[in-house]
Amino acid sequence: MKLVLFGATGMVGSRIATEASARGHQVLAVSRSGQSPVPGVTATAADATDPAQVAEVARGADAVASACVPPRDGSDPRGPFLALNEALVAGVRAAGVGRLLVVGGAGGLEVAPGQALSDQPGFPEAYLPEAHAHRDVLAYYRTLDDGLDWTYVSPAAEIAPGTRTGRFRVGGDRFMTDDQGRSFISAEDYAVAFVDELERHEHPRARMSVAY
């Protein structure tokens, strides 16, 4: 299928591009720079905060994916990140694409019903603004009632470059840890789970999560 991927040059986006391309999907990697994160993957420059630019590059796609991240310039990222996702949705709608997959955050995952990870004592203060930005964006997607088929994919609490094993657990809203209490996923295996969802379409209009 044809996938238009925003935020394609980042740690996670580049691995999603790699995984999808390796499986034979046609990937259009979109970033502000217009650089391709993977040899052989077509790239273009566009601004995800501009609905018209989103619509232009998304037309004809089977699905759009966003690996965009909240601003990390020291300001409050909640408003700008929500605005980016609103623009993305507007552009996807204008392009006539019915499916959107979003790289999410882990802070809003529940350690118990109604209790988010980012609200727990000891959650790193430095990551709170980004966690809150992601939570606002998920809340926004959950308000959409026009038939747009979105999936929000939360990683484990720790995600970093590593090894592609193809072995991990997939969940929903609950925060997952391993037998040692660690919540981790490699960026490579997160990309496997993300592209699995693209192909299998098992979590329509819902959050899914992935961890070892």
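Before reading on, note that the structure itself is shown above.
Conventions adopted
Residues numbered from 1 in each chain as written. Predicted model: local features only at pLDDT ≥ 70, side-chain atom pairs only at ≥ 80, totals over all residues. Heavy atoms only, no water. Helix = DSSP H or I, 4+ residues; strand = E, 2+ residues; numbered from the N terminus. Buried < 20%, exposed > 50% of the residue type's maximum accessible area, 1.4 Å probe, protein only. Pairing = 2+ DSSP bridges. Right-handed = clockwise from strand over helix to strand, strands pointing away. Polar contact = N/O pair within 3.5 Å; in protein donor to acceptor, adjacent residues only side chain to side chain.

A. Structural view of unusual backbone geometry. With phi around 55 degrees, His201 is a residue other than glycine that occupies positive phi space. Turning to its location among the elements, His201 is positioned in the loop between helix H5 (187-200) and strand E12 (206-211). Of the residues examined, His201 reaches a relative accessible area of 34% and is grouped as partly exposed. We note that Arg205 has phi near 55 degrees; this positive angle belongs to a residue other than glycine. Within the fold, Arg205 resides in the loop between H5 and E12.

B. The pairing of strand E1 (residues 2-6), seen in detail. Of all five residues making up E1, four are buried, and the element is well covered by its neighbours. Pairing between E1 and strand E2 (residues 26-31): five bridges, direction parallel. Paired with Phe6 across the bridge in E2 is Val30. Handedness of the crossover joining E1 and E2 through helix H1 (residues 11-22): right-handed. Here E1 pairs with strand E4 (residues 63-66) via four bridges, running parallel. Bridge assignment links Phe6 to a residue of E4, and that residue is Ser66.

C. Seen up close, the environment of Asp73. You can see Asp73 is positioned in the loop between E4 and helix H3 (78-95). Residue Asp73 is classed as exposed on the basis of its relative accessible area, which comes to 58%. Separated by 63 residues in sequence, Asp73 and Gly10 have C-alpha atoms that sit 16 Å apart. Of note is the side chain of Asp73, whose polar atom sits 2.5 Å from the side chain of Ser75.

All quantities given are derived from atomic positions and should not be read as evidence of function.
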